[in-house]
Amino acid sequence: MIAKKRLCIYPKDIQCITGRSERYGRKVIQEIKKYLGKDSHQFITINEFSEYSGIEIDLIYDYIKD
């Protein structure tokens, strides 16, 4: 199993995963928060991003920066 170092995903991570801009990453995070009914100050977990995007969590961990 991959060593999991953190729980939250950030726009820069989404940029790395998708190849899109960091601004796009911020937009995706806002969409996920709206979808999940979270407040603006709450974080998005890597697991929540995985479920929303349909990308396997192991693949996400391969791309995120520590």
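Whatever comes next refers back to the structure up there.
Here's a quick rundown of the structure. Since we're looking at a predicted model, the values are computed, not measured.

## Side note on the overall build of the protein
Working step 1: Within the protein, the secondary structure is distributed over four helices and zero strands.
Working step 2: The linear arrangement of helices and strands in the protein, starting from the amino end, is α-α-α-α.
Working step 3: Over its C-alpha trace the protein gives a radius of gyration of 11 Å, about what one expects of a compact globule, namely 11 Å for 66 residues.
Working step 4: Its C-alpha atoms give the protein principal-axis dimensions of roughly 30 × 20 × 20 Å.
Working step 5: By residue count, 27% of the 66 residues in the protein fall in the buried class.

## Topic: the pattern of salt bridges
Working step 1: Going through the model one piece at a time under the given rule, you end up with three salt bridges.
Working step 2: As a salt-bridge pair, Lys27 and Glu31 come within 4.0 Å of each other at their nearest N and O atoms. Here Lys27 pairs with Glu31, and both are found in helix H2 (residues 22-36), just four residues apart, close to one helical turn.
Working step 3: In this structure Glu31 comes out as partly exposed when scored by relative accessible area, which is 34%.
Working step 4: Between Glu48 and Lys38 there is a salt bridge, with the nearest N and O atoms lying 3.0 Å from each other. With Glu48 in helix H3 (residues 46-53) and Lys38 in the loop between H2 and H3, this pair connects stretches of sequence that are ten residues apart.

## A short note on the packing of helix H1 (residues 11-18) against H2
Working step 1: One can describe the packing of H1 onto H2 by two numbers: an axis separation of 7 Å at closest approach and a directional angle of 110°. In terms of orientation, H1 lies roughly perpendicular with respect to H2. Crossing angle aside, the handedness with which H1 passes H2 is right-handed. Contacts from Pro11, Lys12, Ile14, Gln15 and Thr18 in H1 reach Glu22, Tyr24, Gly25, Arg26, Val28 and Ile29 in H2.

## Focus on the nonpolar core
Working step 1: Counting residues in hydrophobic clusters, the biggest one holds twelve residues: Ile9, Ile14, Ile17, Val28, Ile29, Ile32, Ile44, Ile46, Phe49, Ile60, Tyr61 and Ile64.
Working step 2: Sort the elements by how many residues they give to this core and H2 lands first, with three residues.
Working step 3: Not counting residues up to four positions away in its chain, the partners in contact with Ile17 are Ile9, Phe49, Ile55, Ile60, Tyr63 and Ile64.

Cut-offs and rules
- Residues numbered from 1 in each chain as written.
- Predicted model: local features only at pLDDT ≥ 70, side-chain atom pairs only at ≥ 80, totals over all residues.
- Heavy atoms only, no water.
- Helix = DSSP H or I, 4+ residues; strand = E, 2+ residues; numbered from the N terminus.
- Rg over C-alpha atoms; globule rule 2.2 N^0.38 Å.
- Buried < 20%, exposed > 50% of the residue type's maximum accessible area, 1.4 Å probe, protein only.
- Salt bridge = Lys/Arg side-chain N within 4 Å of Asp/Glu carboxyl O.
- Axes fitted to C-alpha atoms, helices over the stretch in contact; angles between N-to-C directions.
- Parallel < 35°, antiparallel > 145°, perpendicular 65-115°, else oblique.
- Left-handed = near helix turned anticlockwise from the far one by under 90°.
- Contact = heavy atoms within 4.5 Å.
- Core = buried A, V, L, I, M, F, W, Y, C linked by side-chain atoms within 4.5 Å.

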